[in-house]
Amino acid sequence: MKASEIRELLKVTQNKEIISFAGGLPSPKAFPIEDIRNICNKVLTEDGEAALQYCATEGVTKLREAIAQRMNVKGMDVTYKNILVTTGSQQGLDLIGKTFLNTGDTVIVGAPTYLGGTNAFNSYRAKMEGIKLDDDGMNPDLLADKLRSLNLHGSNPKLLYIIPSFQNPSGVTLPANRRKKILDIAHEYDVLIIEDNPYSELRYDGTPLDSIYSIDKENRTIYLGTFSKVLSPGLRIAWTIAPRELMNKLIITKQASDLCSNTFGQYMAYEYLAQGLIDTHIEKIKTIYREKRDAMLTALDKHFPEGTTWTKPEGGMFIWATLPEYIDTGLMIEKAIENKVAYVIGAAFHADRSGKNCMRLNYTYASLDQIDLGIKKLADTIKDEIKAHEQKPDSQYKPDENGLITGV
Ligand SMILES: Cc1ncc(COP(=O)(O)O)c(C=O)c1O
């Protein structure tokens, strides 16, 4: 395993002088601290003994029931028995890898895709095959071509990893017709779909879409949800939804991993749902994030030079920017940090390290003022690269006398 590039970068961006578009962090201003304080007292007063105890590996039953109910309102048909509470959806990804992957198995992912997903699957020595995304996410025709050609070479991928709404890192969303087609293709090639869905409730425009799980008639989807982006990532409470026969395997895997997730956090999450606070809170953070998304799109329009493009997400936390082919954002990052602005390099999100001229920009963490200033600083950094290229076309890739590529 390699140290996560995002984690390494987050260390640099702890520096308060740097405007960070790098992490996938919610705005700290959006945490409901007072509500959590009150709930904390209530849980300790009314359920202290149980909340500080171990709980069942599957999770606290009343939380599982509340999650099932919430998911059913969104079009699923599940009971608490389909819900496994996990320590972040990151643990869900790890448990799926541990349960279903053998060395050399193939996992189909987006290009780009969430680095934490590929990290989880890589640790079970799976091989990633990327399908290039467009403005509507994964193209089913490209997926079918890839599966056909892998099949011809004797490889039957086990998992198809999809982040359907406001994808991390690109911000793009799979429309309903593609969701249906992808299910049909998964059926044809007998692949299990992993639907990782942390962002769908953070929709700022447009109409909500049915999850893949809810339209799957064949029980071939495992769904991951989390409180991280709509309440608090520090709580580390998330859930995996799976058909019963797959659920039993995941529970056994989790038992060996950590016995159970944080019981106290589960009681807190339950109370937050039971008191009906979550929907009001989501509306509140949507208002904050919508304004920030708009601020970043406006700043990009204003400052970014010709030859650059970016996605225009209807929700979530990220914009994906594409620069001229000759710019390597991995080489440019040092310059950007000198200019006191940070992003995540495009190659980090590609299993084959392509996407070198791309970058992920998070708009939920920085303040509105920082968004405009940071995008200006980033635009200036890009303009310097373009100027350097115009003066000396291959300068960015020239190795120095030691054969190292150090950038312009
Ligand atoms: C697509 C995706 N999956 C999973 C996670 C992990 O979330 P959690 O905090 O629930 O572990 C993230 C976090 O950024 C994410 O973007």
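Residues numbered from 1 in each chain as written. Predicted model: local features only at pLDDT ≥ 70, side-chain atom pairs only at ≥ 80, totals over all residues. Heavy atoms only, no water.

## Concerning the overall build of the protein chain
Next, step 1: In terms of regular secondary structure, the protein chain is built from 13 helices and 14 strands.
Next, step 2: What you see for the protein chain is a C-alpha radius of gyration of 22 Å, in line with the 22 Å of a compact globule of 408 residues.
Next, step 3: Taken along its principal axes, the extent of the C-alpha atoms in the protein chain is 70 × 55 × 40 Å.
Next, step 4: Here the protein chain holds 408 residues, and the buried ones make up 55% of them. (Helix = DSSP H or I, 4+ residues; strand = E, 2+ residues; numbered from the N terminus. Rg over C-alpha atoms; globule rule 2.2 N^0.38 Å. Buried < 20%, exposed > 50% of the residue type's maximum accessible area, 1.4 Å probe, protein only.)

## Some remarks on the packing of helix α4 (residues 88-100) against helix α9 (residues 244-258)
Next, step 1: Viewed as axis vectors pointing N to C, α4 and α9 meet at an angle of 110°, and their least axial separation amounts to 9 Å. By the angle class used here, α4 and α9 are roughly perpendicular. For the pair formed by α4 and α9, the contact residues are Gln91, Leu95, Ile96, Lys98, Thr99 and Phe100 on the first element and Leu246, Lys249, Leu250, Thr253, Lys254, Ser257 and Asp258 on the second.
Next, step 2: The residue inventory of the contact of α4 with α9, partitioned by class, reads five nonpolar, four polar and four charged. (Axes fitted to C-alpha atoms, helices over the stretch in contact; angles between N-to-C directions. Parallel < 35°, antiparallel > 145°, perpendicular 65-115°, else oblique. Contact = heavy atoms within 4.5 Å. Nonpolar A, V, L, I, M, F, W, Y, C, P; charged D, E, K, R; others polar.)

## Description of the site of the ligand
Next, step 1: The environment of the ligand is formed by 13 residues, the closest being Ser89, Asp196, Tyr199, Thr226 and Ser228.
Next, step 2: Residue Asp196 places a side-chain N or O atom 2.6 Å away from a nitrogen atom belonging to the ligand.
Next, step 3: Measuring from an oxygen atom of the ligand, one finds a side-chain N or O atom of Arg236 at 2.8 Å.
Next, step 4: Relative to its unbound accessible area of 400 Å², the ligand is 93% covered by the protein chains.
Next, step 5: A per-element tally of the shell around the ligand places α4 first, with three residues.
Next, step 6: Its residues placed into classes, the shell around the ligand shows four nonpolar, six polar and three charged. (Near = heavy atom within 4 Å. Polar contact = N/O pair within 3.5 Å; in protein donor to acceptor, adjacent residues only side chain to side chain. Areas by Shrake-Rupley, 256 points an atom, 1.4 Å probe, with all protein chains shown as cover.)

## Describing the domain arrangement of the protein chain
Frequently, the measure chosen for interface size is the accessible area removed from exposure when the parts meet.
Next, step 1: As assigned here, the protein chain comprises domain 1 (5-24 + 280-397) and domain 2 (53-275).
Next, step 2: The C-alpha centroid of domain 2 is placed 27 Å from the C-alpha centroid of domain 1.
Next, step 3: Listed as interface residues are 25 residues of domain 1 and, on the opposing side, 25 residues of domain 2.
Next, step 4: Interface area, domain 1 with domain 2, both sides summed: about 2,200 Å², of which 61% is carbon and sulfur.
Next, step 5: Sorting the residues of domain 1 by area buried against domain 2 places Ile282, Glu314 and Phe349 first, and these three jointly supply 25% of that buried surface.
Next, step 6: On inspection of domain 1 and its partner domain 2, the count reaches two salt bridges.
Next, step 7: For the salt bridge of Arg203 with Glu314, the shortest nitrogen-to-oxygen distance reads 2.9 Å.
Next, step 8: If you tally residues by element for the side of domain 1 that touches domain 2, the top one is helix α11 (residues 277-303), at seven residues.
Next, step 9: Across the side of domain 1 that touches domain 2, the residue classes tally to 13 nonpolar, six polar and six charged. (Domains from an automatic or database assignment. Buried area = accessible area lost by both parts, 1.4 Å probe. Salt bridge = Lys/Arg side-chain N within 4 Å of Asp/Glu carboxyl O.)

## Details of helix α6 (residues 140-152)
Next, step 1: For α6, with 13 residues, the first-to-last C-alpha span of 18 Å sits near the 18 Å given by 1.5 Å per residue.
Next, step 2: Those residues of α6 that fall on the buried side of the exposure criterion are Pro140, Leu143, Ala144, Leu147 and Leu150. Taken down its axis, α6 places every buried residue within 130° of arc, on the same side. Exposed side of α6, more than 90 degrees from the buried face: Asp141 and Leu152 are the residues found there.
Next, step 3: Each element contacted by the buried residues of α6 is listed here: β3 (106-111), β4 (127-134), β5 (137-138), β6 (159-162) and α7 (176-189).
Next, step 4: Its side-chain oxygen 2.8 Å from the backbone nitrogen of Asp141, Asn139 forms the N-cap of α6.
Next, step 5: Backbone geometry just downstream of α6 places Gly154 in the positive-phi region, at approximately 80°. (Expected span 1.5 Å × (residues − 1). Arc of directions from axis to C-beta.)

## What about the confidence of the model for the protein chain?
One rule of thumb: low pLDDT means the predicted coordinates there are not for detailed reading.
Next, step 1: Taken residue by residue, the protein chain gives an average pLDDT of 93. The fraction at 70 or more is 94%.
Next, step 2: Every residue in residues 402-408 is under pLDDT 50, and counting partners more than four places away or in other chains gives 16 contacts. (pLDDT = per-residue confidence, 0-100.)

## A look at the environment of Ala30
Next, step 1: The topology assignment puts Ala30 in the loop between β1 (19-20) and α2 (33-51).
Next, step 2: Classification of Ala30 by relative accessible area gives buried; the value is 3%.
Next, step 3: Spatially, the C-alpha atoms of Ala30 and Ile288 are 7.9 Å apart, while their sequence positions differ by 258 residues.
Next, step 4: Residue contacts for Ala30: discarding those within four places in its chain leaves His281, Ile285, Ile288 and Tyr289.

## Notes on the sheet that holds strand β10 (residues 309-310)
Next, step 1: Strand order across the open sheet formed by four strands is β10-β11-β14-β13, with antiparallel pairing between neighbours. The outermost strands of the open sheet, each flanked by one partner alone, are β10 and β13 (344-345). (Pairing = 2+ DSSP bridges.)

## Thoughts on the pattern of salt bridges
Next, step 1: Counted according to the given criterion, the structure contains 22 salt bridges.
Next, step 2: For Arg70, the salt bridge goes to Asp279, with nearest N and O atoms at 3.1 Å. Of this pair, Arg70 sits in helix α3 (residues 61-73) while Asp279 is found in helix α11, placing the two residues 209 residues apart along the sequence.
Next, step 3: Under the relative-accessibility criterion, Arg70 is labelled buried at 15%.
Next, step 4: The partner of Arg293 in a salt bridge is Asp205, with the nearest N and O atoms 2.6 Å apart. You can see Arg293 sitting in helix α11 and its partner Asp205 sitting in the loop between β7 (192-196) and α8 (212-215), a full 88 residues away along the chain.

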